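This is what each chain is made of:
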Amino acid sequence: MTTVAIVGTGVIGASWAELFLGHGLDVVATDPAPGAEERLRSALEDAPTDRLRFVADPGEAAAAADFVQENGPEREDVKHALFAVLDEAARPDVVLASSSSGLLPSVIAQGCPKHPERVVVGHPFNPPHLIPLVEVVPGRRTAPEVVDRAVAFYTSVGKRPIRLAQEVPGHVANRLQAALWQEAYSLVERGVATVADIDTAIAYGPGLRWAVLGPFVNQHLSGGAGGLAHVLAHLGPPTEEWWRDLGRVHLTPELAETLVAGVDAELAGTDDRALVTARDAVLNALLAAKAAQPDLP
Ligand SMILES: NC(=O)c1ccc[n+]([C@@H]2O[C@H](COP(=O)([O-])OP(=O)(O)OC[C@H]3O[C@@H](n4cnc5c(N)ncnc54)[C@H](O)[C@@H]3O)[C@@H](O)[C@H]2O)c1
């Protein structure tokens, strides 16, 4: 694997490019927006750009690639049109991976009349050059061997891929986030806590443990010697009570306004760029600390 096509060079495409260039791969990038090449080059502050080529035509990018990572807008019609071009141009053995946050790979592959078996979702987390997770999702017609190759490729560039057995809207991690957001928004709507206090509850509470271990192993550890079996027996029944009280919100304009005002109040006086820099510095330190602990799963 030497050349990756990055199709769509917005937030996610630029970050993938940074990762691939940092691993010494050749990158052929494409994006139809005026000024896209300049924006990409200025976003790639920390990556070597001598292996970066920008082309106007997505077909040309796909024809030159050993692996295609698509990052266009999250719209079915756009993905269909784009995958038709990529499928036509790429060698038949080349994996076509979409970064889509929630579309089903079977739906994306409807744009590929020739080789739908090489279409997968390879969903990263923002920013993909830092966050290790990639969800590899097969569609109904995806060949198992294509999933194997996508997993091997992402592993080779330092990612931590997981393989879904079947496609569902939003994949796994975004569904988990969506469940949390629903209850967080509901708690704000019910006036139980402010936006800032809910952010504190996660960022200085369970979020610290979630960054180290997943929800199941964390729960197992909170059961002491009895482990998860004890926790489920002991705290399972009250948890079922809480489930019955969880909110189901609708994103009305009023609720959206309340949430945005809450974040504005929380971040009053904070510079967004400084916040991103601080987040990335802590993420890097955390990833290094995790890598130094062989006992972590
Ligand atoms: N932003 C996130 O947190 C995030 C995380 C994971 C996955 N994703 C997914 O990544 C994809 C890109 O999201 P983003 O946040 O980078 O969006 P973005 O708006 O920042 O970038 C999209 C880019 O696609 C370009 N584009 C438009 N039409 C195109 C075409 N026909 N061919 C190629 N490029 C085209 C646009 O010019 C733009 O630069 C989406 O599918 C999204 O669901 C986003």
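Thresholds applied
- Residues numbered from 1 in each chain as written.
- Predicted model: local features only at pLDDT ≥ 70, side-chain atom pairs only at ≥ 80, totals over all residues.
- Heavy atoms only, no water.
- UniProt positions renumbered as here; feature names shortened; annotations may be inferred.
- Helix = DSSP H or I, 4+ residues; strand = E, 2+ residues; numbered from the N terminus.
- Patch = residues over 30% accessible without salt bridge, like charges linked within 9 Å, V, L, I, M, F, W, Y side chains within 5 Å.
- Areas by Shrake-Rupley, 256 points an atom, 1.4 Å probe, with all protein chains shown as cover.
- Salt bridge = Lys/Arg side-chain N within 4 Å of Asp/Glu carboxyl O.
- Expected span 1.5 Å × (residues − 1).
- Buried < 20%, exposed > 50% of the residue type's maximum accessible area, 1.4 Å probe, protein only.
- Arc of directions from axis to C-beta.
- Domains from an automatic or database assignment.
- Contact = heavy atoms within 4.5 Å.
- Buried area = accessible area lost by both parts, 1.4 Å probe.
- Polar contact = N/O pair within 3.5 Å; in protein donor to acceptor, adjacent residues only side chain to side chain.
- Nonpolar A, V, L, I, M, F, W, Y, C, P; charged D, E, K, R; others polar.
- Phe/Tyr/Trp six-rings, centres within 6.5 Å; stacked < 30°, edge-to-face > 60°.
- Axes fitted to C-alpha atoms, helices over the stretch in contact; angles between N-to-C directions.
- Parallel < 35°, antiparallel > 145°, perpendicular 65-115°, else oblique.

**Quick notes on the UniProt feature "domain: 3-hydroxyacyl-CoA dehydrogenase NAD binding" (unreviewed entry) in the chain**
Part 1: According to UniProt, the "domain: 3-hydroxyacyl-CoA dehydrogenase NAD binding" (unreviewed entry) feature falls on residues 3–166.
Part 2: Between the end C-alpha atoms of residues 3–166 the distance is 29 Å, and the span holds 35% helix and 23% strand.

**Focus: a nonpolar patch on the surface**
Part 1: On the surface, a cluster of nonpolar side chains totalling about 240 Å² of accessible area is made up of I162, V172 and L176.
Part 2: Structurally, the position occupied by I162 is in strand β8 (residues 160–163).

**Considering helix α6 (residues 144–156)**
Part 1: Helix length check: α6, at 13 residues, gives a terminal C-alpha distance of 18 Å against a target of 18 Å (1.5 Å per residue), a fit within 8%.
Part 2: Of the positions making up α6, those classed as buried are V146, V147, A150, V151, F153 and Y154. What you see down the axis of α6 is that its buried residues fit within an arc of 165°, all on one side.

**Let's talk about the domain arrangement of the chain**
Part 1: Per the domain assignment, the segments of the chain are domain 1 (3–163) and domain 2 (173–291).
Part 2: A separation of 30 Å is found between the C-alpha centroids of domain 1 and domain 2.
Part 3: Of the residues lining the interface, nine residues belong to domain 1; the matching set on domain 2 comes to eight residues.
Part 4: Buried area between domain 1 and domain 2, both sides added, is near 660 Å², and the carbon and sulfur share of it is 61%.
Part 5: Run the count over domain 1 and domain 2 and you get zero salt bridges.
Part 6: Scanning the region where domain 1 abuts domain 2 turns up two residue pairs in polar contact (both at pLDDT 80 or more).
Part 7: For the side of domain 1 that touches domain 2, the class distribution of residues is six nonpolar, two polar and one charged.

**What about the packing of aromatic side chains?**
Part 1: All told, the structure shown has six aromatic pairs when counted by the stated rule.
Part 2: Consider the rings of W16 and Y154, whose centres lie 5.6 Å apart with planes at 25°: the pair is stacked. Here the residue W16 occupies a position in helix α1 (residues 11–22), and Y154 occupies one in helix α6, the gap between them amounting to 138 residues.
Part 3: Members of the aromatic cluster, connected to one another through ring pairs, are W16, F20, F67, F153 and Y154.

**A word on the side chain of H123**
Part 1: Structurally, H123 is set in strand β6 (residues 119–124).
Part 2: A distance of 2.8 Å separates a polar atom in the side chain of H123 from a polar atom in the side chain of E135.
Part 3: Apart from the residues within four sequence positions on either side, H123 is in contact with S98, S99, S100, S101, L133, V134, E135, H171 and N174.

**Details of the packing of helix α7 (residues 173–189) against helix α12 (residues 253–266)**
Part 1: The contact between α7 and α12 brings their axes to 10 Å, and the two run at 90°. Regarding the angle of α7 to α12, the classification is roughly perpendicular. Here α7 contributes Y185, V188 and E189 to the contact with α12, which in turn contributes L255, T258 and L259.
Part 2: Partitioning the contact of α7 with α12 into residue classes produces four nonpolar, one polar and one charged.

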